[in-house]
Amino acid sequence: MRSIAICAPATPLKRVWADEVLAIAETEFPSLELHFHDQCFIEDGHFAGNDAVRLSALLDCADDPQFDAVWFAKGGYGSNRIAGEFFGRMGEAARRKTYFGYSDLGTLLGGLYRAGIGHAVHSPMPVDIMREGGADAIRRVLRWFSGDRDGLEPGLTGAPAAAFNLYTLAMMAGTEFMPTLAGHEVLVEEVGEYEYAIDRLFFHVTAHLRDVAGLRLGQVTAVPENDRPFGAGVEDIARYWCDKRGLEYLGRAEIGHTSANRIVPFGLEADAGRR
């Protein structure tokens, strides 16, 4: 039996979504036990509780030796506000766990990877149950917890890899949480940003990725319509900045804010896949 703790370091989860995830796990994955921390459902303005509440829940889940992994419930903004305190206060049990999530939680995953703490994995989160086809995204992660690696991003080549939301990666660059990505294939995705903003993000991010093995573009969804055409699509933008910075553009990836979001272990997939 594997036990997975679930907390929300950023924004709150609706309890009905948690119930749907639990129903899938209990019906189809009897070897797994999911434990949603009550903090997931606290609403305090934008956040799932204030910084102290979110930090306490994260430490509860990470430091408890009965849990094999920590699954982040939902993105949104907020995990960066507690990341430093988490890394400074976590116990020994937290250092041996695997952490799953994406989007805003890239700050925690990146910081963990930089520090060599536990194992960071880009993956769907419980909130994705609310998307069309979301049950498949949840099953993808539950199968991974059960040892099935079919949910892996198919474009991985065996080189070290890391996956991030583009905006989150841009905000992390230059901070104490930015991992060293030399020699890595870096996968990025985005949601809800204008094309000119995506161009601006690539301008910043690619300046910090000059020694990577290459960049792969995931899904870019819900792009708002600007008051005038930008004149280039998202893949054109990615290629432009890769060319300008001398980076190899590696093509597309199946990650993003959709139910098709695939799993990307940070580092060497062959090593992470055995865990």
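Bear in mind that the values here come from a model prediction, so they are computed numbers and not experimental data. (Residues numbered from 1 in each chain as written. Predicted model: local features only at pLDDT ≥ 70, side-chain atom pairs only at ≥ 80, totals over all residues. Heavy atoms only, no water.)

The next point concerns the packing of helix α1 (residues 15–28) against helix α5 (residues 134–145). Interhelical geometry of α1 versus α5 gives an angle of 50° and a closest axis separation of 10 Å. Considering the angle they form, α1 stands oblique to α5. The chirality of how α1 crosses α5 is right-handed. Contacts from Val21, Ile24, Ala25 and Glu28 of α1 reach α5 at Ala135, Ile138, Arg139 and Leu142. (Axes fitted to C-alpha atoms, helices over the stretch in contact; angles between N-to-C directions. Helix = DSSP H or I, 4+ residues; strand = E, 2+ residues; numbered from the N terminus. Parallel < 35°, antiparallel > 145°, perpendicular 65-115°, else oblique. Left-handed = near helix turned anticlockwise from the far one by under 90°. Contact = heavy atoms within 4.5 Å.)

Residues shown with low pLDDT carry predicted positions that ought not to be read at fine detail. With 97% of its residues at a pLDDT of at least 70, the protein chain reaches an overall mean of 96. Here residues 270–275 is modelled with pLDDT under 50, and outside its nearest four sequence neighbours on either side it reaches five contacts, counting other chains as well. (pLDDT = per-residue confidence, 0-100.)

Time to look at the nonpolar core. Counting 92 residues, the largest nonpolar core has Trp71, Phe72, Phe86, Leu142, Phe202 and Leu209 as the members making the most contacts within it. With six residues, helix α2 (residues 51–63) is the single largest residue contributor to this core. Counting only domains with at least three residues in this core, you end up with domain 1 (2–146) and domain 2 (161–265). Dropping the residues within four chain positions of it, Phe86 is found in contact with Leu55, Leu58, Leu59, Ala62, Tyr99, Leu108 and Leu112. (Core = buried A, V, L, I, M, F, W, Y, C linked by side-chain atoms within 4.5 Å. Buried < 20%, exposed > 50% of the residue type's maximum accessible area, 1.4 Å probe, protein only. Domains from an automatic or database assignment.)

Moving on, we come to the packing of aromatic side chains. Tallied over the entire structure, the rule returns 13 aromatic pairs. When the centroid spacing of 5.9 Å and the interplanar angle of 50° are considered together, the rings of Phe87 and Phe177 count as tilted. With Phe87 in helix α3 (residues 80–89) and Phe177 in the loop between α6 (166–172) and β7 (185–191), the pair connects residues that are 90 residues apart, well separated along the chain. As far as the burial class goes, Phe87 and Phe177 line up, both buried. Between Phe164 and Phe266, the aromatic rings sit 5.3 Å apart at their centres with planes inclined by 75°, giving edge-to-face as the arrangement. (Phe/Tyr/Trp six-rings, centres within 6.5 Å; stacked < 30°, edge-to-face > 60°.)

Moving on, we get to the environment of Ala207. Tracing the backbone shows Ala207 in helix α7 (residues 195–207). In the structure, Ala207 is positioned 184 residues away from Ala23 in sequence and 45 Å away in space, judged by C-alpha atoms.

Time to look at the UniProt feature "domain: LD-carboxypeptidase N-terminal" (unreviewed entry) in the protein chain. In this structure's numbering, the residues bearing the UniProt feature "domain: LD-carboxypeptidase N-terminal" (unreviewed entry) are residues 4–118. The annotated region residues 4–118 carries 41% helix and 15% strand content, and the separation between its end C-alpha atoms amounts to 14 Å. (UniProt positions renumbered as here; feature names shortened; annotations may be inferred.)

Further remarks concern the pairing of strand β1 (residues 2–7). A large share of β1 lies buried, amounting to five of its six residues. Relative to strand β2 (residues 32–36), β1 is paired through five bridges, and the arrangement is parallel. Within β2, the residue paired with Ser3 across the bridge is Glu33. Both β1 and strand β3 (residues 69–72) contribute to a ladder of four bridges, which runs parallel. In the strand pairing of β3, Ala5 is matched with Val70. (Pairing = 2+ DSSP bridges.)

What follows covers the domain arrangement of the protein chain. When the parts of a complex come together, some accessible area is lost, and that lost area is often taken as the interface size. When cut into domains, the protein chain gives domain 1 (2–146) and domain 2 (161–265). In this assembly, 26 residues from domain 1 lie in contact with 25 residues from domain 2. Both faces considered, domain 1 and domain 2 share a buried interface measuring about 2000 Å² in area, 61% of it formed by carbon and sulfur atoms. On the domain 1 side of the contact with domain 2, Arg114, His122 and Arg140 bury the most area, a combined 32% of that side's loss. If you look at where domain 1 meets domain 2, you find zero salt bridges. Summed over the shared surface of domain 1 and domain 2, the number is twelve residue pairs in polar contact (both at pLDDT 80 or more). Looking at the side of domain 1 that touches domain 2, the elements with two or more residues in it are α3, α4 (106–115), β5 (119–122) and α5. Top element by residues in the side of domain 1 that touches domain 2 is α4. It accounts for six residues. Tallied by class, residues from the side of domain 1 that touches domain 2 come to ten nonpolar, eleven polar and five charged. (Buried area = accessible area lost by both parts, 1.4 Å probe. Salt bridge = Lys/Arg side-chain N within 4 Å of Asp/Glu carboxyl O. Polar contact = N/O pair within 3.5 Å; in protein donor to acceptor, adjacent residues only side chain to side chain. Nonpolar A, V, L, I, M, F, W, Y, C, P; charged D, E, K, R; others polar.)

This paragraph deals with the side chain of Asn261. Among the structural elements, Asn261 can be located in the loop between β9 (249–252) and β10 (264–265). Taking relative accessible area as the criterion, Asn261 reaches 0% and is therefore assigned buried. At 3.1 Å, the side chain of Asn261 and the backbone nitrogen of Gly256 are in polar contact. When sequence neighbours within four positions are dropped, the list of residues in contact with Asn261 reads Tyr102, His122, Ser123, Pro124, Arg140, Glu254, Ile255 and Gly256.

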